[in-house]
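# Descriptive analysis of the structure
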Amino acid sequence: MPGGVDLSVTVGALRLANPILAASGTFGYGVEFAHLVDLNRLGGIVVKGLSLEPMDGAPAPRLSETAGGLLNAVGLQNVGVRAFVAEKLLALRAYRTSVIANVFGRTVREYVEVIRVLEDAEGLAAYELNISCPNVACGGFEFGIDPQMTAEVVAAARKAARRPLWVKLSPNVTDIAIIARAAENSGADALTVANTYPAMRVDYRARRSRLGNLTGGLSGPAIKPITLRLVYEVCRAVKVPVIGLGGIEKAEDVLEYIVVGASAVQVGTAHFSDPRASLRLVEGLERVCSSDKVLSVRSLRGSLGAEMH
Ligand SMILES: Cc1cc2nc3c(=O)[nH]c(=O)nc-3n(C[C@H](O)[C@H](O)[C@H](O)COP(=O)(O)O)c2cc1C
């Protein structure tokens, strides 16, 4: 308990040394950052989304900065689940940090197949299902915008998985509580809230999009207040733990998510300006808690509206 502050949290049965995890797609497979960051000091690492086969991703440009945020259209490029297990996971096992595998597919069957491959591997703490993906069997609509499709993919993944199952919700919905309950009722152990917001940037002179894929997903500080409200809504709607992420840059941002009910948080876009952002946040959180006389970060969870002492 360095500095007299207990930073440890639990997400269901999983205990994390602190509530800061690196978010999927912004921290590679973790190992690429090992020369810059002591991975053992992070609460956890959520790896880049894994599909059954390797994927090349979207055409360049894939990133475009906007006021207070970042647009990305990476197109879920990844090495594929088998190469992840053979190369990346093997290297990650040298660290004691919890590793969470982010999983996606174009059909329910593909999600299940990816999990089956991971089930045979050692060194993972949980799965995180990215349900912001088009379901090719259902007209290309995102799984996560429909309670029925959400229920179907979560139930199938639940049957295939022995490990804890986190479900990462899409923010692109009218009432996130309905989707959150569908995921909980189908066996999710925790909910991650949320993914990026569909968005666009254009160069009007060139009459072109700033992204090779035309549209992309908005992340970073611009989305924090919007996602904070979604985390608050989801925490009121379900009993399972919630992991909040969107625009976190400072220790105070982490505490805002925890006060509205999050058990832990993830840090994404902040890694693009500072690859050490998540570690810096662990240190900052300890400092802020210590100066605010907060002895345990867990004690703040869901305390919105509670009396200050
Ligand atoms: C370049 C980039 C790639 C991403 N790739 C993934 C991914 O593979 N799977 C996923 O579930 N989320 C992915 N995300 C979404 C982030 O994990 C996170 O949900 C989002 O960026 C909001 O958090 P932030 O504002 O802290 O970045 C990606 C985000 C960015 C910026």
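The notes below deal with the structure included here. All figures in this text were calculated on a predicted structure; none of them were measured in a lab. (Residues numbered from 1 in each chain as written. Predicted model: local features only at pLDDT ≥ 70, side-chain atom pairs only at ≥ 80, totals over all residues. Heavy atoms only, no water.)

Core analysis: the largest hydrophobic core is formed by 105 residues, its most contacted members being Phe84, Leu118, Leu169, Leu191 and Val193. The leading source of residues in this core is helix H8 (residues 277–291), at seven residues. Apart from the residues lying within four places of it in its own chain, the contact partners of Val193 are Leu169, Ile176, Thr227, Leu230, Val231, Val234, Val242, Ile243, Gly244 and Leu245. (Core = buried A, V, L, I, M, F, W, Y, C linked by side-chain atoms within 4.5 Å. Buried < 20%, exposed > 50% of the residue type's maximum accessible area, 1.4 Å probe, protein only. Helix = DSSP H or I, 4+ residues; strand = E, 2+ residues; numbered from the N terminus. Contact = heavy atoms within 4.5 Å.)

Surveying the vicinity of the ligand reveals 24 residues, the closest of which are Ser24, Lys168, Gly220, Gly247 and Thr269. Between the ligand and Ser24 there is a distance of 2.8 Å, counted from an oxygen atom to a backbone nitrogen or oxygen. Separating an oxygen atom of the ligand from a side-chain N or O atom of Asn102 is a distance of 3.0 Å. Tallied by class, the residues present in the shell around the ligand amount to seven nonpolar, 15 polar and two charged. (Near = heavy atom within 4 Å. Polar contact = N/O pair within 3.5 Å; in protein donor to acceptor, adjacent residues only side chain to side chain. Nonpolar A, V, L, I, M, F, W, Y, C, P; charged D, E, K, R; others polar.)

Glancing now at the sheet that holds strand S15 (residues 242–244). One closed barrel accounts for eight strands, arranged S3-S4-S7-S8-S9-S10-S15-S16; its pairing is parallel. Neighbour-to-neighbour, the strand axes of this sheet turn through a mean angle of 25°, independent of strand direction. Sheet topology note: the strand S4 (residues 44–46)/strand S7 (residues 98–103) ladder contains three bridges and is parallel. Bridge pairing links Ile45 to Val99 in S7. Packed onto the sheet, helix H3 (residues 147–160) meets strand S8 (126–130) and strand S9 (165–169) and runs at close to 160° relative to S9. Relative to strand S3 (residues 20–22), H8 is tilted by about 175°, and along the sheet it contacts S3 and strand S16 (264–267). (Pairing = 2+ DSSP bridges. Axes fitted to C-alpha atoms, helices over the stretch in contact; angles between N-to-C directions.)

Let us now look at helix H1 (residues 81–92). Across its twelve residues, H1 extends only 14 Å between first and last C-alpha, which sits more than 12% below the 16 Å expected from 1.5 Å per residue. Of all the residues in H1, the buried ones are Val81, Phe84, Val85, Lys88, Leu89 and Leu92. Down the axis of H1, the sector holding all buried residues measures 130°, keeping them to one side. At its buried positions, H1 is contacted by S4, S7 and helix H2 (108–119). (Expected span 1.5 Å × (residues − 1). Arc of directions from axis to C-beta.)

Note on strand geometry: in a regular strand, side chains alternate between the two faces of the sheet. Along S16, one buried face is formed by Ala264 and Gln266 and the opposite face, lined by Val265 and Val267, is buried too. Here three bridges tie S3 to S16, and the two strands are oriented parallel to one another. Within S16, the position partnered with Ala22 by the bridge is Val267. Direction of pairing for S15 relative to S16: parallel, over a ladder of two bridges. The residue bridging Ile243 from the neighbouring strand is Ala264, located in S16. This β-α-β element, S15 to helix H6 (residues 251–259) to S16, shows right-handed connectivity. (Right-handed = clockwise from strand over helix to strand, strands pointing away.)

The residue after Ala60, namely Pro61, is reached through a cis peptide bond having omega -10°. Looking at the element boundaries, Pro61 is found in the loop between S4 and strand S5 (63–66). Here the residue pair Val193 and Ala194 is connected by a cis peptide bond, since its omega of 10° sits within 30 degrees of zero. Phi is positive for Arg207, close to 55°, though the residue is something other than glycine. By the element assignment, Arg207 lies in the loop between strand S12 (202–203) and strand S13 (208–209). Of the residues examined, Arg207 reaches a relative accessible area of 71% and is grouped as exposed. Its identity is not glycine, yet Lys293 carries a phi of approximately 60°, on the positive side.

Applying the stated criterion across every chain yields a total of 15 salt bridges. Linking Glu110 and Arg106 is a salt bridge whose minimum nitrogen-to-oxygen distance equals 2.7 Å. The residue Lys224 makes a salt bridge to Glu256 at a minimum N-O spacing of 3.2 Å. Of this pair, Lys224 sits in helix H5 (residues 224–237) while Glu256 is found in helix H6, placing the two residues 32 residues apart along the sequence. For Glu256, a relative accessible area of 34% corresponds to the partly exposed category. Several salt bridges converge on common partners, so that one network encompasses Lys224, Lys250, Asp253 and Glu256. (Salt bridge = Lys/Arg side-chain N within 4 Å of Asp/Glu carboxyl O.)

Between its first and last C-alpha atoms H3 spans 20 Å; for 14 residues at 1.5 Å apiece the expected length is 20 Å, and the two agree. What H3 keeps buried is the set Met149, Thr150, Val153, Val154, Ala156, Ala157 and Ala160. Buried positions in H3, seen along its axis, are confined to an arc of 160° and lie on one side of it. Along H3, exposed side chains directed more than 90 degrees from the buried face belong to Gln148 and Lys159. In this structure, the buried side of H3 is in contact with H2, S8, S9 and helix H4 (176–185). Residue Asp146 occupies the N-cap position of H3, its side-chain oxygen lying 3.2 Å from the main-chain nitrogen of Gln148.

That is the geometry; function is a separate question.
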